[in-house]
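Coordinate inspection notes
Single-letter residue listing:
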Amino acid sequence: EDLAREKNYRSLICEATGQVSQFVVAKQLGFDYVDEIIYKDFQHEGQSVFADISSVKSCIVYHKIL
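Within every chain, residues take consecutive numbers counted from 1 along the sequence as written. Only residues with pLDDT of 70 or above have their local features reported here, since the model is predicted, and side-chain atom pairs are shown and tallied only from 80 upward, although totals for entire chains, interfaces and linings are computed over all residues. Side-chain measures were taken over the full set of non-hydrogen atoms in the model, leaving aside hydrogen atoms and water.

1. Details of unusual backbone geometry
Residues other than glycine seldom take positive phi values, yet Asn-8 does so here, at roughly 65°. By secondary structure assignment, the location of Asn-8 is in the loop between α1 (2-6) and β1 (11-16). With relative accessibility at 63%, the residue Asn-8 sits in the exposed group. Non-glycine residue Glu-45 carries a positive phi angle of around 50°. A simple rule labels every residue: compare its accessible area, found with a 1.4 Å probe on the protein chains alone, to the largest value its type can have, and call it buried under 20%, exposed over 50%, or partly exposed in between. Relative accessible area serves as the criterion here: at 72%, Glu-45 is assigned to the exposed category. Runs of E in the DSSP output that reach at least two residues are strands. Runs of H or I that reach at least four are helices, and both are numbered from the N terminus.

Quick look at the structure:
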């Protein structure tokens, strides 16, 4: 965040793919939930490409205004 502020960025986006990173980004760093991809439901060209991922439910996109 400090580097982004130094470069005059106005906001940050984060894609968190694990339970720990999702918790840290949302609860400790103050990012806001935007959307998520549910791994078991996502398909690419008719294939469930993330179906084998069972350790976490989804990839979540977060946003934070600086």
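2. Comments concerning the pattern of salt bridges
The term salt bridge refers to a side-chain nitrogen of Lys or Arg lying within 4 Å of a carboxyl oxygen of Asp or Glu. This model, assessed by the stated rule, comprises 4 salt bridges. Across the pair Glu-1 and Lys-64 runs a salt bridge, and its minimum N-O distance is 2.9 Å. Within this pair, whereas Glu-1 is found in the segment before α1, its partner Lys-64 is found in strand β3 (residues 58-65), the two being separated by 63 residues in sequence. Across the pair Asp-41 and Lys-40 runs a salt bridge whose closest N-O atoms are separated by 3.2 Å. Salt bridges sharing partners connect three or more residues here, namely Glu-1, Asp-2, Arg-5 and Lys-64.

3. Quick word on the sheet that holds β3
Backbone hydrogen bonds hold the strands of a sheet together, and the pairing may be parallel or antiparallel. The antiparallel open sheet is built from 3 strands, whose spatial order is β1-β3-β2. The outermost strands of the open sheet, each flanked by one partner alone, are β1 and β2 (32-38). Mean inter-strand twist for the sheet, computed between neighbouring axes without regard to direction, equals 15°. Note: β2 against β3, 6 bridges, orientation antiparallel. Should DSSP find at least two bridges between two strands, the strands are regarded as paired. Lines fitted to C-alpha atoms define the axes here, with helix axes fitted over just the stretch in contact, and angles between the N-to-C directions of these axes take values from 0 to 180 degrees.

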